[in-house]
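# Inside the fold
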Amino acid sequence: MSANDTTSSRGQNIEHGHGSFFGRRKGHKLRNHQADLIENLLPHLALDLAQADASDPGALFQAPVDEMRLEIGFGGGEHLIAEALAFPRTGFIGCEPYVNGMAKILTQIEAHNIANIRLFAGDAAELLAWAQPSSFARIDLIHPDPWPKRRHWKRRFVQDATIAEMSRILKSDGEFRFVCDIDDYCAWTLMHMQRSADFIWTAERASDWQRPWPHYTMTRYGRKADREGRKAAYLTFRHVNS
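Residues numbered from 1 in each chain as written. Predicted model: local features only at pLDDT ≥ 70, side-chain atom pairs only at ≥ 80, totals over all residues. Heavy atoms only, no water.

The name an unreviewed UniProt entry gives the protein chain is tRNA (guanine-N(7)-)-methyltransferase, with Candidatus Afipia apatlaquensis as the organism. Among the UniProt annotations of the protein chain, the heading Pathway (unreviewed entry) holds the following wording: "tRNA modification; N(7)-methylguanine-tRNA biosynthesis." Checking UniProt for the protein chain, the heading Catalytic activity (unreviewed entry) contains the comment "guanosine(46) in tRNA + S-adenosyl-L-methionine = N(7)-methylguanosine(46) in tRNA + S-adenosyl-L-homocysteine". (UniProt positions renumbered as here; feature names shortened; annotations may be inferred.)

With that settled, consider the UniProt feature "binding site: substrate" (unreviewed entry) in the protein chain. Per the UniProt record, "binding site: substrate" (unreviewed entry) is found at K149 and D181. Among the secondary structure elements, K149 is positioned in the loop between β6 (136–142) and α6 (160–169). Owing to a relative accessible area of 46%, K149 belongs among the partly exposed residues under this scheme. Structurally, the position occupied by D181 is in the loop between β7 (170–180) and α7 (183–194). In this structure D181 touches H143, Y221, A225, R230, K231 and A232, once residues within four positions along its chain are discounted. Side chain to side chain, D181 and H143 meet in a polar contact 2.9 Å long. (Helix = DSSP H or I, 4+ residues; strand = E, 2+ residues; numbered from the N terminus. Buried < 20%, exposed > 50% of the residue type's maximum accessible area, 1.4 Å probe, protein only. Contact = heavy atoms within 4.5 Å. Polar contact = N/O pair within 3.5 Å; in protein donor to acceptor, adjacent residues only side chain to side chain.)

Let us now look at the environment of P148. With respect to the secondary-structure elements, P148 resides in the loop between β6 and α6. Sequence separation of P148 and I182 is 34 residues, and the distance between their C-alpha atoms is 8.8 Å. Ignoring anything within four residues of it in the chain, the contact list for P148 reads W153 and R156.

Now for the packing of helix α3 (residues 78–86) against helix α4 (residues 99–112). Between α3 and α4, the shortest axis-to-axis distance is 10 Å and the interhelical angle comes to 25 degrees. Accordingly, the angle class assigned to the pair α3 and α4 is roughly parallel. Handedness of the α3/α4 crossing: right-handed. In this structure, α3 contributes L80, I81 and L85 to the contact, and α4 contributes I105, Q108, I109 and H112. Residue composition of the contact of α3 with α4, grouped by class: 5 nonpolar, 2 polar and no charged. (Axes fitted to C-alpha atoms, helices over the stretch in contact; angles between N-to-C directions. Parallel < 35°, antiparallel > 145°, perpendicular 65-115°, else oblique. Left-handed = near helix turned anticlockwise from the far one by under 90°. Nonpolar A, V, L, I, M, F, W, Y, C, P; charged D, E, K, R; others polar.)

The full count for this structure, using the stated rule, is 7 aromatic pairs. The interplanar angle of 90 degrees and the centroid separation of 6.1 Å between the aromatic rings of W213 and Y234 together place this pair among those described as edge-to-face. Of this pair, W213 sits in the loop between α8 (206–210) and α9 (220–227) while Y234 sits in strand β9 (residues 233–239), and the two are 21 residues apart along the sequence. For the pair W213 and Y234, a shared accessibility class is recorded, and that class is buried. The structure contains a cluster of three or more aromatic residues connected by ring pairs, namely F176, F178, Y185 and F237. The ring centre of W147 lies 5.0 Å from the NZ or CZ of R155, which sits over that ring. One cation-aromatic arrangement involves R156 over Y185; the distance from NZ or CZ to the ring centre is 4.7 Å. (Phe/Tyr/Trp six-rings, centres within 6.5 Å; stacked < 30°, edge-to-face > 60°. Lys NZ or Arg CZ within 6 Å of the ring centre and 35° of its normal.)

Bringing the pattern of salt bridges into the picture now. In total, this model carries 17 salt bridges according to the counting rule given. Among the charged side chains, a network of salt bridges with common partners joins R69, E83, R138 and D140. (Salt bridge = Lys/Arg side-chain N within 4 Å of Asp/Glu carboxyl O.)

Further remarks concern unusual backbone geometry. Phi at W147 takes a positive value of approximately 40 degrees, unusual for a residue other than glycine. Within the secondary structure, W147 sits in the loop between β6 and α6.

Our next topic: the packing of helix α1 (residues 32–40) against α4. The contact between α1 and α4 brings their axes to 9 Å, and the two run at 90 degrees. One finds that α1 runs roughly perpendicular with respect to α4. Two secondary-structure elements touch here, α1 through H33, Q34, L37 and I38 and α4 through V99, M102, A103, K104, L106, T107 and E110. Residues of the contact of α1 with α4, tallied by class, amount to 6 nonpolar, 3 polar and 2 charged.

Time to look at α7. Relative to the 16 Å expected for 12 residues at 1.5 Å per residue, α7 spans 16 Å between its end C-alpha atoms, a close match to the ideal helical length. Within α7, the full set of buried residues consists of Y185, C186, W188, T189, L190, H192 and M193. Buried residues in α7 make contact with α6, β7, β8 (199–201) and β9. (Expected span 1.5 Å × (residues − 1).)

Here β9 lies mainly inside the structure; 6 of its 7 residues are buried. One ladder, built from 3 bridges, connects β8 with β9; its direction is antiparallel. Its bridge partner lying in β9, W201 is registered against F237. (Pairing = 2+ DSSP bridges.)

Structure (structure tokens):
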């Protein structure tokens, strides 16, 4: 899924403004209940950057939290939901600009009565700029849109500027985790991350990046990539004080 753009080569986009959705462009028609959740539940969970206080994480969530994590481009929400259930004392912010993905995660949030997730439908770069220094323990980017054409590389989320912003908002020893089944984007990410003095690639052996980390929840797109013979890389970068 695209993480830094409201259009994508892999899915439909939505218009957003003032914290709400105004229309679905393409894709499968929402079921009645999904449409109801977009209309009635999403406004309570949507993060309005103009109103939300980035300096007070505890006030952002309905449940008490000890730390915050961010997942950029959560797709159908499989991984984010599993993490929120496994770590109830962690507050999660999920960023996803596509209405079908938002509808899917809202269904799961309602079903499990999850109180430690907030949602953002805009540009992930805006979310990074809003966040306070050293406010996140981890950032996950799982199967982002690779923007394979050279003229579109500037749309990839992993750029020098976004790496600098992630460094600013991650705690010392916090992590950036990246999952991708496109070799070129994996190489791109390694190149950009390793030229930053603020991050260390934690892999010590091939299995460290060839296999998911413990308790990783495979996403629908990850399963599809595996069926089609594309093997994902699982890259973890630790934030250090430079």
